[in-house]
Amino acid sequence: MTFGYQIEAKLGNADQVGLRLRCNGQTQAVEIHRELRQAEFKVTNPRFSYHDDYTHFFYVTSTVNNLDSVMQKIEARIKVSNNASVATKEATLKDFKSWQILFRKAIKKLNNDDVNPTSSVQEINQNTLEQKISAGRITEVEDHLLRQADVNDSNALRTLIALYAKTEQHEQLVALCKAKYNSILALPVSGRLVEQLVTAHLQHYQQTKEQELLGSVQALAQEFLPELERLRQANGVRKLLHLSLVTQEPLPTIEGATLNEQLMRLLEIEPGERISQLEKLKEDYPKAINVLLALADAYISIDNTDSALQIYQSITEKTEELQQRHAELLLNSQLFQEVIELLPSVISELSPALAGLRGAALYNLGQKTQASEFLEKAWQGGERRVQILLPLAKLWATVGDPIKAGEVYQILLETANEQLTLLDRALIARVANLDGFGDISDEDKVSYYELCVNFAGVRLRDLPEAEEILKDRLDLCKQVQNTSGMLNAYADWLDWLANVGKWEDLNKELDILRKFAIEQKISSLQYFELLEGLEAYINVQPTLRQSLANDYFGLAIAEIDNALRQEEAEAYFFQDLKRALFCLNSDLANELVEYRQQRRAEATKLEVQVASDKNIVSRTQNLASISLALVGGHQATRREVIRELCENYGLQNCVEVAPSSEAYINRSNVQAQISNCNLIAVITGYMGHDLSQIVSDLKKDGALTGDVFFLACRGKTGVVRAILNKVQ
């Protein structure tokens, strides 16, 4: 591979530039990194680039010219080095491999001696990997991750585990676990990670019947179970273990085992069943701290936090482990002031873990400035528990350090994705757009915004960052020239402007869209559907009614003229356009009818072929046999859709399900309302993630027999048209 580089002036912070490299391996990238530091540049750690033409990426504090002058010298040195003889290179490679073996042994020993090991995290963009896998490039992805994992990149290792689990490559995952056992134990713990590892071992056992796999998987699970218990994520792993032992010999009884052996075996029992045996052990060993801690963990697992707190308070020997568990339980119980009172206020008296827990409590109490030094000490000390990372990521994202925030959020996306809030999703999108996740494409940046908007639904309106999120998303969609994405982004942006009453800004955006329609960057139908989405606000802003009517009238006139020029009938949505215009301004609608008659008469006199109105397909459908559920959408939109379908199409049975912004919803009441409907139309534009997820889950679980379909359109006529097309 020929060495090359590219300097990007617009990447990174104001005083930084981005440097892309095309290297023959990680060693060359590290060597260049060292040379740049020796040249007194401030350089971030090497990152793997997802740019098609480059392999690595740095942020460098420099100007383009200063960096380029140094890189020219580095490039010249590399060219000279590449002219060395093959024999010399082979000998050097052999010597290097021998040295590398010794070097790795030394590093392994250092890591084993290090009481606070830290993980090196490289940016792994999941969206890019998914695209490559979908394109059949799974081997390329696997090789890339293996190379990163081989240089102790913990994020690459975790992603590789997820890849093997998703693609059901059980044998490869078992082999990876053997080869990287200590590295896997050092990964941030999550129930999903351990379930993936355990499942791979059990599936591989089913294929090979190798008994040692059962022993290996139990030993592996035992390494993680105590931490999973503390995180309250152990149930899934315990069920997998239970299933693996169904056809095996029963576990040895506890009697006769040492105290530690008894405690380890009790971990394989459900917490509720475990408590009685632990209480008995507590009577036998009243001063055994490990028994008390295990009992507290069991109470936490069944949500009996009061009993757990009483146990922590009763232990007189205030060890580091006890303080951590006590503070973490208080934090999880949102007893933030109690955490402050429990832990010393002097940062030098706190370990990284305790400093992080105190910082998290301060952050949640709104004392963000005071929290900063405690959270940063925890990070620098290698502390990676979720309760500490969540406020730290928010802190760095809001103070304008996207690179640091990106590193933290990269960990959270993999280990605690389900705990990320709407604010986190919004900040993640911001971090991605500011290159906090490294050298990713604009398409990848858009995907983070889509995740945020889809997760939020109508709740996005209440977020202070809503304007920033929706506008930046729209700008990115324009840049990548994704028409479909741009239209969805425009629909959300226009709706937000109307909802908050920014009418001047809304009119400016409508002017831009009119220009797009004239320049044919969007079709007349696409423009019409965007305008339809604003119909719900015509009673809020009186001028909007006439503005939409004028636009509809203009679109209809253009469609009539175009049809005559082409000597064909108007487009299929013309009737919907007329109907929408009539609802807004009947005088304009009548004027449109007269204009059409006049233009057709003139064309006939000029012997221009005019399409007969008989060629227009009548859509007089009868919906009497349909039981419709209309889910989501504006209240006004639902009302008008139902009125239209009942009055003109014979609909008799219909139920409405309002989004969570209008009414309380849960799975049971949604199921009760729509389970008997044979057609379920879901208006996605104004729906919270919770409602869309409920409908999707009900369908997936077989609780709905009706046909479920999701509508991208938002206005009344668009929804009516989509339902009629579905029935037809």
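Here is what the cut-offs are and how they apply
- Residues numbered from 1 in each chain as written.
- Predicted model: local features only at pLDDT ≥ 70, side-chain atom pairs only at ≥ 80, totals over all residues.
- Heavy atoms only, no water.
- Helix = DSSP H or I, 4+ residues; strand = E, 2+ residues; numbered from the N terminus.
- Buried < 20%, exposed > 50% of the residue type's maximum accessible area, 1.4 Å probe, protein only.
- Areas by Shrake-Rupley, 256 points an atom, 1.4 Å probe, with all protein chains shown as cover.
- Contact = heavy atoms within 4.5 Å.
- Salt bridge = Lys/Arg side-chain N within 4 Å of Asp/Glu carboxyl O.
- Pairing = 2+ DSSP bridges.
- Disulfide = S-S within 2.5 Å.
- Core = buried A, V, L, I, M, F, W, Y, C linked by side-chain atoms within 4.5 Å.
- Axes fitted to C-alpha atoms, helices over the stretch in contact; angles between N-to-C directions.
- pLDDT = per-residue confidence, 0-100.
- Right-handed = clockwise from strand over helix to strand, strands pointing away.
- Parallel < 35°, antiparallel > 145°, perpendicular 65-115°, else oblique.
- Left-handed = near helix turned anticlockwise from the far one by under 90°.
- Expected span 1.5 Å × (residues − 1).
- Nonpolar A, V, L, I, M, F, W, Y, C, P; charged D, E, K, R; others polar.

1. With respect to the overall build of the chain
No. 1: Tallying secondary structure elements over the chain gives 34 helices and 9 strands in all.
No. 2: Looking at the chain as a whole, 50% of its 728 residues qualify as buried.
No. 3: With an accessible surface of roughly 35600 Å², the chain has 49% of that area assigned to carbon and sulfur atoms.

2. With respect to the environment of Ile626
No. 1: Counting through the fold element by element, Ile626 comes out in the loop between α30 (586-605) and β6 (627-632).
No. 2: On the accessibility criterion, Ile626 (15% relative accessible area) is buried.
No. 3: With residues up to four places along the chain from it excluded, the contact list for Ile626 reads Leu651, Asn653, Asn678 and Leu679.

3. Quick look at the pattern of salt bridges
No. 1: Under the criterion given, the structure shown has 38 salt bridges.
No. 2: The closest approach of N and O atoms between Asp439 and Arg20, which form a salt bridge, is 2.4 Å. Linking Asp439 in the loop between α22 (422-433) and α23 (442-456) with Arg20 in strand β2 (residues 16-22), this pair joins segments that are 419 residues apart in sequence. Note on accessibility: Asp439 and Arg20 belong to one class, buried.
No. 3: The salt bridge involving Asp701 is made with Arg667; its shortest N-O contact spans 3.1 Å. Of the two residues, Asp701 is situated in the loop between α33 (689-700) and β9 (707-711) and Arg667 in helix α32 (residues 667-674); the sequence distance between them amounts to 34 residues.
No. 4: For Asp701, a relative accessible area of 51% corresponds to the exposed category.
No. 5: On the basis of relative accessibility, which here comes to 35%, the residue Arg667 falls in the partly exposed class.

4. Points about the pairing of strand β8 (residues 679-683)
Working note: regular strand, side chains alternate between the two faces of the sheet.
No. 1: Within β8, 5 of the 5 residues are buried, which leaves the element mostly enclosed by the surrounding structure.
No. 2: Residues of β8 alternate between two faces, with Leu679, Ala681 and Ile683 on one and Ile680 and Val682 on the opposite face, all of them buried.
No. 3: Where β6 meets β8, 5 bridges bridge the pair, whose relative direction is parallel. Bridge pairing links Leu628 to Leu679 in β8.
No. 4: As defined by bridge partners, β8 adjoins β9 across 5 bridges and the pair is classed as parallel.

5. Overview of the state of the cysteines
No. 1: Counted by the stated rule, this structure contains 0 disulfides.
No. 2: No disulfide involves Cys654; its sulfur sits 6.4 Å from that of Cys646, the nearest cysteine.
No. 3: You can call Cys654 partly exposed: its relative accessible area is 28%.

6. So, the nonpolar core
No. 1: Core analysis: the biggest nonpolar cluster contains 66 residues, and Leu278, Val408, Tyr409, Leu412 and Phe437 have the highest contact counts within it.
No. 2: In this structure, Leu278 is in contact with Leu263, Leu266, Val291, Ala294, Leu295 and Ala298, ignoring residues within four places of it in sequence.

7. As for the sheet that holds β6
No. 1: The strand order across the open sheet formed by 4 strands is β7-β6-β8-β9, and the pairing between neighbours is parallel. Two strands close off the open sheet at either side, each with one partner strand: β7 (653-657) and β9. When the angles between neighbouring strand axes are averaged without regard to direction, this sheet yields 20°.
No. 2: Packed onto the sheet, α32 meets β6, β7 and β8 and runs at close to 165° relative to β7.
No. 3: Packing of helix α34 (residues 716-727) onto the sheet brings it into contact with β6, β8 and β9, and relative to β9 it is tilted by some 145°.

8. Concerning unusual backbone geometry
No. 1: For Gln334, which is not glycine, the phi dihedral falls at a positive 60°.
No. 2: Summarising the element assignment, Gln334 is placed in the loop between α16 (320-332) and α17 (336-342).
No. 3: A positive phi angle is found at Glu607, which is not glycine, with a value near 60°.
No. 4: Checked against the element boundaries, Glu607 lands in the loop between α30 and β6.

9. Some thoughts on the environment of Val70
No. 1: Within the secondary structure, Val70 sits in helix α2 (residues 64-82).
No. 2: Each C-alpha atom, one on Val70 and one on Glu35, is 9.2 Å from the other, the two residues being 35 residues apart in sequence.

10. Quick word on the confidence of the model for the chain
Close inspection of predicted coordinates is inappropriate for parts of the model with low pLDDT.
No. 1: Taken residue by residue, the chain gives an average pLDDT of 82. The fraction at 70 or more is 84%.
No. 2: This stretch, residues 85-94, has a pLDDT under 50; its non-local contacts, to residues over four places away or in other chains, come to 1 contact.
No. 3: Counting contacts from residues 245-254, a segment whose pLDDT is below 50, to residues more than four positions away or on other chains yields 13 contacts.

11. Remarks on the pairing of β7
No. 1: As judged from the 5 bridges shared by β6 and β7, these two strands associate in the parallel manner. Within β7, the position partnered with Leu630 by the bridge is Glu656.
No. 2: For the handedness criterion, the β-α-β arrangement of β6, helix α31 (residues 635-649) and β7 is classed as right-handed.

12. What to know about the packing of helix α27 (residues 524-532) against helix α28 (residues 542-566)
No. 1: Axis separation between α27 and α28 bottoms out at 11 Å; the angle between their running directions is 165°. By the criterion of interaxial angle, the relationship of α27 to α28 is roughly antiparallel. Relative to α28, the crossing made by α27 is left-handed. Two secondary-structure elements touch here, α27 through Ser524, Tyr527, Phe528, Leu531 and Glu532 and α28 through Leu548, Asp551, Tyr552 and Leu555.

13. Remarks on helix α9 (residues 191-208)
No. 1: Taking 1.5 Å of rise per residue, the 18 residues of α9 would be expected to cover 26 Å, and the 26 Å separating its terminal C-alpha atoms lies within 8% of that figure.
No. 2: Burial in α9 covers these residues: Gly191, Leu193, Val194, Gln196, Leu197, Val198, Ala200, His201, Leu202, His204 and Tyr205.
No. 3: One or two positions beyond α9, positive phi appears at Lys209, with a value near 60°.

14. Overview of the packing of helix α20 (residues 386-398) against α22
No. 1: It is the contact of α20 with α22, at a shortest axis distance of 10 Å, that shows an interaxial angle of 45°. Comparing their axes, α22 and α20 come out oblique. Here α20 runs over α22; the crossing is left-handed. Only Leu423, Asp424, Leu427, Arg430 and Val431 of α22 make contact with α20, whose side of the interface consists of Leu390, Lys394, Ala397 and Thr398.
No. 2: In terms of residue class, the contact of α20 with α22 is built from 5 nonpolar, 1 polar and 3 charged.

15. Some remarks on the environment of Arg192
No. 1: Relative to the assigned elements, Arg192 resides in helix α9.
No. 2: By relative accessible area, which is 40% here, Arg192 ends up partly exposed.
No. 3: As a C-alpha pair, Arg192 and Ala234 span 42 residues in sequence and 9.7 Å in three-dimensional space.
No. 4: For Arg192, the residues in contact, after removing those within four places along its chain, are Arg158, Leu413, Glu414 and Asn417.

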